[in-house]
Amino acid sequence: MFPHYDVIVVGAGHAGCEAAAASANMGCKVLLVTMNMQTIAQMSCNPAMGGVAKGQIVREIDALGGYSGIVTDETMVQFRMLNLSKGPAMWSPRAQSDRNLFARKWRVLLENHPNIDFWQDMVSSLLVKDKRVVGVKTSMGHEINSKSVVLTNGTFLNGIIHVGEKQFGGGRAGESAAKGITDQLVELGFDAGRMKTGTPPRLDGRTIDYTQTEIQLGDEKISRFSYLKTTLPEKQLPCHITYTNTDVHEILRTGFDRSPMFAGRIQGLGPRYCPSIEDKIDRFSERDRHQLFIEPEGWDTHEIYLNGFSSSLPEEVQFKALQKIPGLQNVKMFRPGYAIEYDYFPPTQLQLSLETHLIKNLFFAGQINGTTGYEEAACQGLMAGINAARRVKDEEPIILKRSEAYIGVLIDDLVNKGTEEPYRMFTSRAEFRILLRQDNADFRLTPIADQIGMGKIDDRLTRLQEKKSSFHQLIKILESNNATPDEMNSYLTELSSSPLETKIKLSTLLTRPNVEINELFKISPILSAHKQNFDDEVIQSVQIHLKYEGYVKKEQEMVDKMMRLETVKINPDYDYHQLKSLSNEARNKLTKFKPGTIGQASRISGVSPADISVLLVHLGR
């Protein structure tokens, strides 16, 4: 009934969809197994993609040939570029999506791929032979063979949903939990843990009085997540802002004695940076109010997502509290918020390729690794899909460095440091974030996609070459032409910037604070004559390059120093216990994590600089 597949992907959330697409684009025959074909690429929580650091990840996924950026562009209802008041390393694209359109677009892309088959069923166990995965077994009793397997189970492994004192099995509202895989993996020697996440109530937008809220419009000019010429919306939907108050907090406190979190019925840790509303008012009791975002679910629905009001309190408590929020006095709920607890596997049990140490050809991606967020899941799925395909072809895995991508930072953090709470990406986690901007992901990563044979990137390569050509052409114009006092001093006076006494290169003038390249295009006759030759993306990239060139060079020097340690290889089977000069903690941690390089070893918690020096001596370096 089933052919022999190269890659089986278990789960069709954001990680599973990217994994299936990546393996298929690498030329593999892929089977995507999901418990429900109607929920492929379901946005289980917030109907949005991107945000601080997360937007950079989506652009990196796109630059590598993934689909999340394309789907986001073509299903967005509102776009905003966050942190524009800060430096460009902090600029982060974010889009509200139409929840139904998003899932539908993903399904169409996957179904149109000739290398992807689908099967609706629950995977109950893995087929393992000689510590190598050789396929999966489903709840319907089918044994399906493959050369590699990618597990992207999300919140479904032994999932339990909590609403007040009620609890029931489920991986998502209205969907069953997945059973069997955790028990088998534990028997095989894996460590497992529990984590928790939650979601807010969904509201009837027809019952909201928006006149009592603050409107939040999208950017007038929409930017793309994808580097391709995707179709963008002609109009946008507004979001709105409201706030809790002391009355809301008092009502919520009346349900604390029935809260699964405070009563101890939930054992797993929840996301630190996206706490429930009851957790907020407990931890920050001195605060009189908390900001809430009223976010539309799509173009043709009245369903509303109340961002910031995640809760697992009894539904009647949630409802009473909602009615004390400005604008929501007459609100109706479509469904209450809930918490969900699920199994995960500490990611220190993985290699940097996301292949497990214990079982060959078995890869984990997404919330099974302890992360939270669609973007974090999607980028892991992409890399697991790429490396599962390369494993099938007996090729070396692709490991993105911390200096190459936020994706590299995320995976390196997970594998070398682990996580005991849902991991979320922030720009502060990246030590080289000036290099890892949202505007240059194509420069950094599309050549890698081409090098590894990722299919369907010809358009990206063409656009990258055109962008590089325009980029260097504009820099040449700026470096070879002058700005004169007559042209510029009026503009500089408005900026309270020193007037020119003699002519200077346009590129030099642009390095001044507050001098904007778009203004120079209006003022300089030479630049004005060339304006039609350059699109906004190239113009912005050139400005960032010239203004921050010194910082970029310093950061690159730091990268070069770090890379010297990355080139010193370590045999994964090296016996660290023979090195008595190492600390006991270092010996234990190095034996457990099996780092592939000195650089990786240096980032393991508990391995000190002195331990690294000992290793370098014994390795003859």
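Residues numbered from 1 in each chain as written. Predicted model: local features only at pLDDT ≥ 70, side-chain atom pairs only at ≥ 80, totals over all residues. Heavy atoms only, no water.

1. Describing the packing of helix α6 (residues 246–253) against helix α8 (residues 315–322)
Rules: Only the stretch in contact is used when fitting a helix axis, every axis being a line fitted to C-alpha atoms; angles between N-to-C directions are given from 0 to 180 degrees. Strands here are runs of E lasting at least two residues and helices are runs of H or I lasting at least four, both read from the DSSP assignment and numbered beginning at the N terminus. Roughly parallel refers to an angle under 35 degrees, roughly antiparallel to one over 145, roughly perpendicular to one between 65 and 115, and oblique to any angle outside these ranges. It only takes one pair of heavy atoms within 4.5 Å for two residues to be counted as in contact. Under this grouping Gly is polar, as are all residues other than the nonpolar Ala, Val, Leu, Ile, Met, Phe, Trp, Tyr, Cys and Pro and the charged Asp, Glu, Lys and Arg.
Two elements in contact, α6 and α8, have axes whose closest approach is 9 Å; the angle formed by their N-to-C orientations is 170 degrees. On the basis of the axis angle, α6 is roughly antiparallel to α8. For the pair formed by α6 and α8, the contact residues are Val-248, Ile-251 and Leu-252 on the first element and Val-317, Lys-320 and Ala-321 on the second. Split by residue class, the contact of α6 with α8 holds 5 nonpolar, no polar and 1 charged.

2. Considerations on the pattern of salt bridges
The condition that has to hold: Salt bridge, as used here, is a side-chain nitrogen of Lys or Arg placed within 4 Å of a carboxyl oxygen of Asp or Glu. Residue burial is assigned from relative accessible area. The probe radius is 1.4 Å, only protein chains are included, and a residue is buried under 20% of its type maximum, exposed over 50%, and partly exposed in between.
Applying the stated criterion to the full structure yields 36 salt bridges. When the shortest N-O distance is used, the salt bridge between Asp-343 and Arg-194 registers 2.8 Å. Residue Asp-343 is found in strand β19 (residues 338–344), and its partner Arg-194 is found in strand β12 (residues 193–199); the two are separated by 149 residues along the sequence. Assessed through its relative accessible area of 24%, Arg-194 is described here as partly exposed. Salt-bridge contacts for Arg-603 lead to Asp-412; the nearest nitrogen and oxygen are separated by 2.5 Å. Here Asp-412 lies in helix α10 (residues 406–417) and Arg-603 lies in the loop between α20 (598–602) and α21 (609–618), a separation of 191 residues in the sequence. On the accessibility criterion, Arg-603 (16% relative accessible area) is buried. Residues joined by salt bridges that share partners form a network here, namely Arg-402, Asp-412, Asp-413, Lys-417, Glu-431, Glu-566 and Arg-603.

3. Notes on the packing of aromatic side chains
Condition: Aromatic contacts are taken between Phe, Tyr and Trp rings whose centres are within 6.5 Å, Trp giving its six-membered ring; a plane angle under 30 degrees counts as stacked, one over 60 as edge-to-face, and the others as tilted. Whether a charge sits over a ring depends on NZ of Lys or CZ of Arg being within 6 Å of the ring centre and within 35 degrees of the ring normal.
Under the defined criterion, the tally for this structure stands at 9 aromatic pairs. Each ring, one from Phe-190 and one from Phe-345, has its centre 6.2 Å from the other, and the planes form 80 degrees; the classification is edge-to-face. Within this pair, whereas Phe-190 is found in the loop between α5 (181–187) and β12, its partner Phe-345 is found in the loop between β19 and β20 (362–364), the two being separated by 155 residues in sequence. By relative accessible area, which is 0% here, Phe-345 ends up buried. Ring plane angle 55 degrees and centroid distance 5.2 Å describe the contact between Tyr-574 and Tyr-576, whose orientation is recorded as tilted. Its relative accessible area of 1% is what places Tyr-576 among the buried residues. Following the ring pairs from residue to residue traces out a cluster consisting of Phe-190, Phe-345 and Phe-364. Here the guanidinium or amino end of Arg-59 rests over the ring plane of Tyr-227, the centre of that ring lying 4.0 Å away.

4. A closer look at the side chain of Glu-555
Applicable threshold: Counted charges follow a simple rule, with Lys and Arg positive, Asp and Glu negative, and His plus the chain ends left uncounted.
Among the structural elements, Glu-555 can be located in helix α18 (residues 549–566). Among buried charged residues, Glu-555 stands out as having no salt bridge; its nearest opposite-charge side chain is Arg-433, 6.8 Å away. Among residues more than four places away in sequence, those in contact with Glu-555 are Glu-431, Phe-432, Arg-433, Ile-434 and Leu-435.

5. Considering the environment of Lys-29
Tracing the backbone through its elements, the reader meets Lys-29 in the loop between α1 (14–25) and β2 (30–34). Taking relative accessible area as the criterion, Lys-29 reaches 30% and is therefore assigned partly exposed. When the C-alpha atoms of Lys-29 and Thr-138 are compared, they prove to be 19 Å apart, with 109 residues separating the residues in sequence. With near-sequence residues (within four places) excluded, Lys-29 lies in contact with Tyr-5, Asp-6, Val-7, Pro-114, Asn-115 and Asp-117.

6. Describing the pairing of strand β17 (residues 303–307)
Along any regular strand, the residues point their side chains to alternate faces of the sheet. Defined as follows: Paired strands are those between which DSSP finds at least two bridges.
The buried fraction of β17 is high, at 4 of 5 residues. By the bridge criterion, 3 bridges tie strand β13 (residues 202–204) to β17 in an arrangement that is antiparallel. What sits directly across from Leu-203, in β17, is Ile-304. Bridge count for strand β16 (residues 291–296) against β17 is 4 bridges, and the pairing is antiparallel. Bridging across to β17, Ile-294 finds its partner in Leu-306. Hairpin connection of β16 to β17: 6 residues between the antiparallel strands.

7. Description of the state of the cysteines
Rule in force here: Any cysteine sulfur atom paired with another within 2.5 Å is treated as part of a disulfide.
Going through the model one piece at a time under the given rule, you end up with 0 disulfides. Counting only cysteine sulfurs, Cys-17 is the nearest neighbor of Cys-28, a cysteine outside any disulfide, at a range of 17 Å. Cys-17 supplies the cysteine sulfur nearest to Cys-379, a cysteine that is in no disulfide, at a spacing of 15 Å.

8. As for helix α11 (residues 441–451)
For clarity, the cut-off: The directions from the helix axis to the C-beta atoms are what the arc is built from.
Regarding α11, the residues found buried are Ala-441, Asp-442, Arg-444, Leu-445, Thr-446, Ile-448 and Ala-449. Burial along α11 is one-sided: seen end-on, the buried residues are contained in an arc of 165 degrees. On its buried side, α11 packs onto α2 (54–63) and α12 (458–480).

9. Examining unusual backbone geometry
Non-glycine residue Ala-41 carries a positive phi angle of around 60 degrees. One can find Ala-41 in the loop between β2 and β3 (48–50). The phi dihedral of Asp-394 falls on the positive side, at around 60 degrees, and the residue is not glycine. Considering the arrangement of structural elements, one finds Asp-394 in the loop between α9 (374–392) and α10. A relative accessible area of 71% places Asp-394 in the exposed class.

10. Quick word on the sheet that holds strand β4 (residues 76–82)
Sheet architecture is open: 3 strands sit in the order β3-β5-β4, paired in antiparallel fashion. Here the strands that pair on one side only, and so sit at the sheet edges, are β3 and β4. Between one strand axis and the next, the sheet turns by 15 degrees as a mean value, whatever way the strands run. Judged from the 3 bridges that link them, β3 and strand β5 (residues 92–97) form a sheet pairing that is antiparallel. Each residue of the ladder has a partner; that of Gly-50, found in β5, is Arg-94.

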